[in-house]
Amino acid sequence: METKKRINRAFSAAASSYEQSAIVQKEVAKRLASLLPENVCLQEVYEFGCGTGLLTRALEERCQVEHWSINDLSQAMIDSLPPLRDKSPQLLVGDALEVTPYHRVKTFDLIASASTLQWFSNPLEYLSKTIPTLKDVGTLLFSTFGADNLYELRMLTGRGLKYLSMDEIGEFLNRHFQDVTLFEERIVLSFPDLLTLFRHLKATGVTQLLDNSTPSVLKTREGLLRLESLYRERYGHPDGRLALTYHPIYIKATAPKR
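Residues numbered from 1 in each chain as written. Predicted model: local features only at pLDDT ≥ 70, side-chain atom pairs only at ≥ 80, totals over all residues. Heavy atoms only, no water.

A few words now on the overall build of the chain. Check the secondary structure of the chain and you find 13 helices and 9 strands. In terms of overall dimensions, the chain is globule-like: its C-alpha atoms have a radius of gyration of 19 Å, near the 18 Å expected for 258 residues. In the chain, buried positions account for 54% of the 258 residues. If you take every contact in the chain between residues at least 6 apart in sequence, the share linking residues at least 24 apart comes to 74%. Mean positive and mean negative side-chain charge positions of the chain (31 and 31 charges, respectively) differ by 4 Å. (Helix = DSSP H or I, 4+ residues; strand = E, 2+ residues; numbered from the N terminus. Rg over C-alpha atoms; globule rule 2.2 N^0.38 Å. Buried < 20%, exposed > 50% of the residue type's maximum accessible area, 1.4 Å probe, protein only. Contact = heavy atoms within 4.5 Å. Lys, Arg positive; Asp, Glu negative; His and termini not counted. Charge placed at Lys NZ, Arg CZ, Asp CG, Glu CD.)

Listed below in structure tokens is the structure:
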């Protein structure tokens, strides 16, 4: 199945469970929104990859947004958005590469996204296309995940997404913006067993990553037990729980260079 279709299917299936299970993504969205001044007035905001609206909600609580343009690949995710003060938001369902309003040159005060860009095949190319739609004092605000994301699973299976480094992101942003804020952190969750860990990932829409990287493990109990034993040996906590690392990177870039 085509990659975009797999991702769409996985996140659509996770729409009802995402809010409860996306612990890290929720904290990332709140921290990302906190990089903006409190009660700042924004006439036009574009968010891509909105999911169930974790960042949308955080921005609504912190800022005064007059008009929203909001995108997600999944209709089910768009349908899960919280009520907005803007009663006529522009909802753009589909691949952001195809539905982003590139024609709206120098229109947006803010382009935002949380925990989405790592799914793009060429994230920096996409960002470069959105920059001309920012106003002269506009801001690009987004988070993505770095190379240590889901580190334990990637080391055990040898597979996973290809993540941008801090250096790559910083070099790109400093070429295109006058004022750049860039930092990272690592958040480690723990689970009692591997099946619970997999259920957590599935509830946050990461089934396509598991399907691609550990198909045999998910098909047999023996395979699951072998992987869990190795996981516990390498990445188990002293109390026997299994560690899973998230590696969010936070970006705020203001005033595009023209």
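That shown, we press on.
This brings us to the sheet that holds strand β1 (residues 41-47). Backbone hydrogen bonds hold the strands of a sheet together, and the pairing may be parallel or antiparallel. Taken in spatial order, the 7 strands of this open sheet run β3-β2-β1-β4-β5-β9-β6, and their pairing is mixed. Either end of the sheet is taken by a strand with one partner, and the two such strands are β3 (90-93) and β6 (177-184). Adjacent strand axes in the sheet meet at a mean angle of 15 degrees when their direction is disregarded. With 7 bridges joining them, strand β5 (residues 134-145) and strand β9 (residues 248-256) adopt antiparallel strand pairing. When the sheet's bridge partners are listed, L141 is paired in β9 with K252. Together, β1, β2 (64-72), β4 (108-113) and β5 form the strand contacts of helix α4 (residues 54-62), whose direction differs from that of β2 by roughly 175 degrees. (Pairing = 2+ DSSP bridges. Axes fitted to C-alpha atoms, helices over the stretch in contact; angles between N-to-C directions.)

Attention shifts here to the packing of aromatic side chains. Here the structure, examined in full by the defined rule, presents 9 aromatic pairs. Their ring planes at 40 degrees and their centres at 6.3 Å tell us that Y46 and F48 sit as a pair that is tilted. Members of the aromatic cluster, each reached through a chain of ring pairs, are Y46, F48, F108, F120 and Y126. Above the plane of the ring of Y250 lies R31, whose end atom (NZ or CZ) is 5.4 Å from the centre. (Phe/Tyr/Trp six-rings, centres within 6.5 Å; stacked < 30°, edge-to-face > 60°. Lys NZ or Arg CZ within 6 Å of the ring centre and 35° of its normal.)

This next bit is on the nonpolar core. Ranked by internal contacts, the top residues of the largest apolar core, which has 49 residues, are L59, L197, L201 and Y231. Top contributing element to this core by residue count: helix α3 (residues 23-33), with 5 residues. When we break this core down by domain, the ones giving at least three residues each are domain 1 (1-147 + 161-188 + 245-256) and domain 2 (190-243). Dropping the residues within four chain positions of it, L197 is found in contact with L153, F191, Y231, A243 and L244. Among the nonpolar cores identified, the runner-up in size contains 23 residues, and F108, F142, I169 and I249 belong to it. (Core = buried A, V, L, I, M, F, W, Y, C linked by side-chain atoms within 4.5 Å. Domains from an automatic or database assignment.)

Bringing unusual backbone geometry into the picture now. In this structure, S115 is a non-glycine residue whose phi angle is positive, near 55 degrees. Overall, the relative accessible area of 11% leaves S115 in the buried class. Not every positive phi belongs to a glycine, and A255 is a case in point at roughly 60 degrees. Inspection of the secondary structure puts A255 in strand β9.

A word on the pattern of salt bridges. Following the criterion strictly, the structure yields 10 salt bridges and no others. Here E60 ties to R85 by a salt bridge, and the two come within 3.9 Å at their closest N and O atoms. Taken together, the positions of E60 in helix α4 and R85 in the loop between α5 (75-79) and β3 put the pair 25 residues apart, joining distant regions of the chain. For R85, a relative accessible area of 44% puts it in the partly exposed group. (Salt bridge = Lys/Arg side-chain N within 4 Å of Asp/Glu carboxyl O.)

Looking now at the side chain of D72. On the secondary structure map, D72 appears in strand β2. There is no salt bridge for the buried D72, and the closest opposite charge comes from R57, which lies 13 Å off by N-O distance. Within the local environment of D72, its side chain forms a polar contact with the backbone nitrogen of C50, the two atoms lying 3.2 Å apart. Setting aside anything within four residues of it in sequence, one finds D72 in contact with G49, C50, G51, M77, I78, L92, V93 and G94. (Polar contact = N/O pair within 3.5 Å; in protein donor to acceptor, adjacent residues only side chain to side chain.)

Our next topic: the state of the cysteines. Here a disulfide denotes a covalent bond joining the sulfur atom of one cysteine to the sulfur atom of another. This structure, assessed with the given rule, holds 0 disulfides. With no disulfide partner, C41 has as its closest neighbouring cysteine sulfur the one in C63, 9.1 Å distant. (Disulfide = S-S within 2.5 Å.)

Attention now moves to the packing of α3 against α4. Axis separation between α3 and α4 bottoms out at 9 Å; the angle between their running directions is 35 degrees. Here the hand of the crossing between α3 and α4 comes out right-handed. Judged by residue contacts, Q25, K26, A29, K30, L32 and A33 of α3 engage L54, L55, A58, L59 and R62 from α4. Looking at the contact of α3 with α4 residue by residue, the classes come out as 7 nonpolar, 1 polar and 3 charged. (Left-handed = near helix turned anticlockwise from the far one by under 90°. Nonpolar A, V, L, I, M, F, W, Y, C, P; charged D, E, K, R; others polar.)

Remember, this is a structural readout, not a statement about activity or role.
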